[in-house]
Amino acid sequence: MTDIFSLRDDSPVTETPVSIEEFLGGNATAVRIEVGEDARQLLPYLDRIALVEISFPAFTDGRGYSAARVLREADYTGELRAQGDVLLDQIRYMHRCGFDSFAPEKPLEADQVDAVLKRFDAVYQSTVDGQNPVWALRHGG
Amino acid sequence: MYKYDQYDQSIVDARVAEFRDQVERRLAGEITEDQFKPLRLQNGLYLQLHAYMLRVAIPYGTLNSKQMKMLAHIARKYDRDYGHFTTRQNIQYNWIQLDQTPDLLEELASVEMHAIQTSGNCIRNISSDQYAGAAADEVTDPRPWAELLRQWSTFHPEFAHLPRKFKFAVIASEEDRAAMRLHDIGIQLVRNDAGELGARFFVGGGMGRTPMIGPMVRDFVPADDLISYAEACLRVYNRYGRRDNKYKARIKILVHELGKDEYTRQVEEEFKHIKTLNLDPPKAELERITTFFQDPDYDLSASDDLDLSDPDFAIWVDQNVKTHKQSGYAIANISLKPIGGIPGDATSVQIDVMADLAKEYSFDELRVTHAQNIVLPHVKKSDLYTLWQKLDEAELATPNLDLISDMIACPGLDYCSLANARSIPVAQKIATRFADVGKQKELGELKLKISGCINACGHHHAGHIGILGVDRKGVENYQLSLGGSGAEDVSLAKITGPGFDEDGIVDAVEKATNVYLEQREGDERFVDTYRRVGMAPFKEALYD
């Protein structure tokens, strides 16, 4: 199994995530979203989910970013894992969209991830990562 | 003009450091070219036929003389002493060394400039009306709205890996000088019945191999909802835009395949949700940005009189100078289309001259136009003659704005790795054929646009006369089309028939203009005559 790189305080979920179809028909607590699948199908069940794994078959396929935000915007607080072609230079975007764990095909170096996440002090958008955008800072937010 | 605060500056500075790190890792072989490609592309760095090409962002085409001077400096220090102004109101350099790009970007950052998202499958430089803030017909200056969108779209984490590139244009007048409806999202600012400003959203326009005119999806988005609404438009696209075929991946295909009504329904539903997330900056932010775009300190007693006794000056004024909203002032267009030159190119000396003239005569402001020209937006009429003389000395006073030799042309096969045919020599030959300015003025407004491949960077679909270069069994062949427009009378050009060789296309253009001269009525433009008489008489002249 690939190493899990986690930014969470708790340990990564070890259960193998099941497909959405299997998840909807059973009582699994870990589920995997393939590209093109609608993350909103999971919204009624967020309470019982410990892990959502979102697949990135190619880092250029950005659908997983929207899927992640959709879940976080619905107040999903469990582990949100990016799996697949997960590269250092996309980690910051992923993190800002709500991912907090990563299962990259090639391992990530902790110090490099740390540097990437710290690179930008300021951001222009309000997303699900809770960071105050510069417009809020400018206007006393 | 907008000025960076500490946050804007820190973001651009951090980007330089990040790219420096990425280039170092690439040069050290830690990342592959495939992995590096989207990183460099999101920083405007392409690998072309002969070298790296760097595209520098000029947000909504506005810059000051210090920034313009920096562009000249970069041309001298990092390139071959010239730059190419583009249809996205940017500038690109054709001969860049990869290992020097971090230093180059650092120099740009020192004058509040960058190359962020000037390429790649992300939200590109926001374009706008080159006469913004100076035009008499605008309901407001569109640039504060464009700046708000620029900030929102910069490093937007959800939309950094879209199915395909994404282009916005923002205008604020009925006359469309920015080809607004040929953008992925075109925004026209309007006032509602209550007198409030809002954005009319057109989504799914574009050129490329499947040109489409963007339909309106919402007639009024209030300022308070601008970002949320844009976010909803993009999210629907990011989730459902096609990724199986690069040529069907633009939002225009999604809007077309879903139908405007269904796309709109999905956007409105998404918007309803997104609006609850408090993503929109407060009104105070738009107000803060707007303070940077106040009118300059006009001389309110400036005279409207203009001495036109010098006939050459009179010709230039008649063609290149446009009405300003402030009496005593004018908008001066600098053509980068000298007869026989490369459309949009300027030498470092010329860029410096334009910078100096902007400082002296135009309140330190310049604009780049999507037609690849430069504008000095606020020139006192009493300074126009001196300005013209100085432009003339620098070979920048070609009086051909909107005439047949004021062509849009892509770099074509001389530079571009995607091109099938050369554009530049065709542009040069046509301009030379119509070199006589009297002949050009006789033809009146005639927008000729040339693309060297089906990707349509030269906007040939929107040309009154469009030319598309294709490769036919290893030989360059040029297809002629007629009747397009990127303006408020937006339309897509139709192909006349079989293509021509390089000299044949020049003859064909001349034949088409002859048909116009024979058939026109009253003060019809070329495109008006074409629309009235249709394709038949043109075909007859071209293929008999």
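Residues numbered from 1 in each chain as written. Chains lettered and ligands numbered in written order. Predicted model: local features only at pLDDT ≥ 70, side-chain atom pairs only at ≥ 80, totals over all residues.

A.B. asks: How should the overall build of chain B be read in this particular structure?
C.D. replies: For chain B, the helix and strand inventory stands at 17 helices and 20 strands. Its C-alpha atoms give chain B principal-axis dimensions of about 60 × 60 × 55 Å. Contacts in chain B between residues at least 24 apart in sequence constitute 68% of all its contacts with a sequence separation of at least 6. (Helix = DSSP H or I, 4+ residues; strand = E, 2+ residues; numbered from the N terminus. Contact = placed C-beta atoms within 7 Å.)

A.B. asks: Whenever I open this one, helix 11 (residues 348-361) of chain B confuses me. Can you help?
C.D. replies: Structurally, the α-helix is built with 3.6 residues per turn, so residues lying three or four positions apart point the same way. Under the 1.5 Å per step criterion, the end-to-end length of helix 11 of chain B is 20 Å for 14 residues, consistent within 8% with the ideal 20 Å. Those residues of helix 11 of chain B lying buried are Ser348(B), Gln350(B), Ile351(B), Asp352(B), Val353(B), Met354(B), Ala355(B), Leu357(B) and Ala358(B). (Expected span 1.5 Å × (residues − 1). Buried ≥ 20, exposed ≤ 12 C-beta atoms within 10 Å, placed from the backbone.)

A.B. asks: Explain the interface of chain A and chain B here, please?
C.D. replies: In many analyses, interface size is given as the accessible surface area lost on bringing the parts together. Opposite the 26 residues of chain A that make contact, chain B presents 32 residues. Among the elements of the structure, helix 2 (63-73), helix 3 (91-96) and helix 5 (134-138) of chain A are those that each provide at least two residues to the side of chain A that touches chain B. Tallying contributions element by element places helix 2 of chain A first for the side of chain A that touches chain B, with five residues. Grouping the amino acids of the side of chain A that touches chain B by side-chain chemistry returns 10 nonpolar, seven polar and nine charged. (Nonpolar A, V, L, I, M, F, W, Y, C, P; charged D, E, K, R; others polar.)

A.B. asks: What am I meant to see in unusual backbone geometry here?
C.D. replies: Leave glycine aside and you will find that most residues have negative phi; peptide bonds, for their part, are mostly trans. Residue and element names in this part refer to chain B. Phi is positive for Gln89, which is not a glycine, with a value near 65 degrees. Tracing the sequence through the fold places Gln89 in the loop between strand 4 (82-85) and strand 5 (91-96). Overall, Gln89 belongs to the buried group, with 26 C-beta atoms counted inside 10 Å. Phi is positive for Ala179, which is not a glycine, with a value near 55 degrees. Relative to the helices and strands, Ala179 is located in the loop between strand 7 (168-171) and strand 8 (185-191).

A.B. asks: Where do I start with the domain arrangement of chain B in this structure?
C.D. replies: Domains assigned within chain B are domain 1 (6-109), domain 2 (127-290), domain 3 (311-393) and domain 4 (408-543). By residue class, the composition of the side of domain 3 of chain B that touches domain 4 of chain B is five nonpolar, two polar and one charged. (Domains from an automatic or database assignment.)

A.B. asks: Honestly, the sheet that holds strand 6 (residues 101-104) of chain A in this entry has me stumped. Any pointers?
C.D. replies: One key point about sheets: their strands pair by backbone hydrogen bonds, in either a parallel or an antiparallel sense. All names here are of chain A. The strand order across the open sheet formed by six strands is 1-6-5-4-3-2, and the pairing between neighbours is mixed. Edge positions in the sheet fall to strand 1 (5-6) and strand 2 (18-19), since each of these pairs with one other strand and no more. Pairing between strand 3 (residues 30-33) and strand 4 (residues 51-56): four bridges, direction parallel. From the neighbouring strand, Ile33 faces strand 4, where its bridge partner is Ile54. Running at roughly 165 degrees to strand 4, helix 2 makes contact with strand 3, strand 4 and strand 5 (79-84) of the sheet. (Pairing = 2+ DSSP bridges. Axes fitted to C-alpha atoms, helices over the stretch in contact; angles between N-to-C directions.)

A.B. asks: What is the right way to read the sheet that holds strand 18 (residues 465-472) of chain B from this model?
C.D. replies: Residues and elements named next belong to chain B. Strand order in this open sheet of five strands is 16-17-18-19-20, and the pairing throughout is mixed. The sheet is open, and its two borders are formed by strand 16 (408-409) and strand 20 (494-495), each paired with just one other strand. Examined bridge by bridge, strand 18 and strand 19 (residues 475-482) share eight bridges and lie antiparallel to one another. Pairing of Val470 across the sheet is with Asn477, part of strand 19.

A.B. asks: What exactly am I supposed to notice about the pairing of strand 5 of chain B here?
C.D. replies: Remark: a regular strand shows side chains that alternate across the two faces of the sheet. Residue and element names in this part refer to chain B. Among the six residues that make up strand 5, five are buried, leaving the element largely enclosed by the rest of the structure. The pairing of strand 2 (residues 52-56) with strand 5 spans four bridges and is antiparallel. Each bridged residue has a counterpart across the sheet, and for Val56 the counterpart in strand 5 is Ile91. Taken together, the two bridges between strand 4 and strand 5 define a ladder with antiparallel strand orientation. Bridging across to strand 5, Phe85 finds its partner in Ile91. In sequence, strand 4 turns back onto strand 5 through a hairpin of five residues, with Gln89 there showing a positive phi of about 65 degrees.

A.B. asks: Even after reading the chapter, I still don't get the pairing of strand 9 (residues 197-203) of chain B, so can you show me in this structure?
C.D. replies: Residue and element names in this part refer to chain B. The buried fraction of strand 9 amounts to five of the seven residues, a majority that puts the element mostly inside the structure. Two elements, strand 8 and strand 9, share seven bridges in a ladder whose sense is antiparallel. Opposite Ile187, over in strand 9, you have Phe201 as the bridge partner. Counted between consecutive antiparallel strands, the loop separating strand 8 from strand 9 contains five residues, among which Gly195 sits at a positive phi close to 85 degrees. In the sheet, strand 9 pairs with strand 10 (residues 216-222) via four bridges, with the strands oriented antiparallel. When the bridges of strand 10 are listed, Gly198 appears paired with Pro222.

A.B. asks: How should I be thinking about the packing of helix 6 (residues 226-240) of chain B against helix 8 (residues 260-274) of chain B in this particular structure?
C.D. replies: What describes two packed helices is the angle between their axes and the distance between those same axes. Residue and element names in this part refer to chain B. Contact geometry of helix 6 with helix 8 gives a least axis separation of 8 Å together with a crossing angle of 125 degrees. By the angle class used here, helix 6 and helix 8 are oblique. The crossing of helix 6 and helix 8 is right-handed. Mapping the contact onto sequence places Ser228, Tyr229, Glu231, Ala232, Cys233, Arg235 and Val236 in helix 6 and Tyr263, Gln266, Val267, Glu270, Phe271 and Ile274 in helix 8. Residue composition of the contact of helix 6 with helix 8, by class: eight nonpolar, two polar and three charged. (Parallel < 35°, antiparallel > 145°, perpendicular 65-115°, else oblique. Left-handed = near helix turned anticlockwise from the far one by under 90°.)

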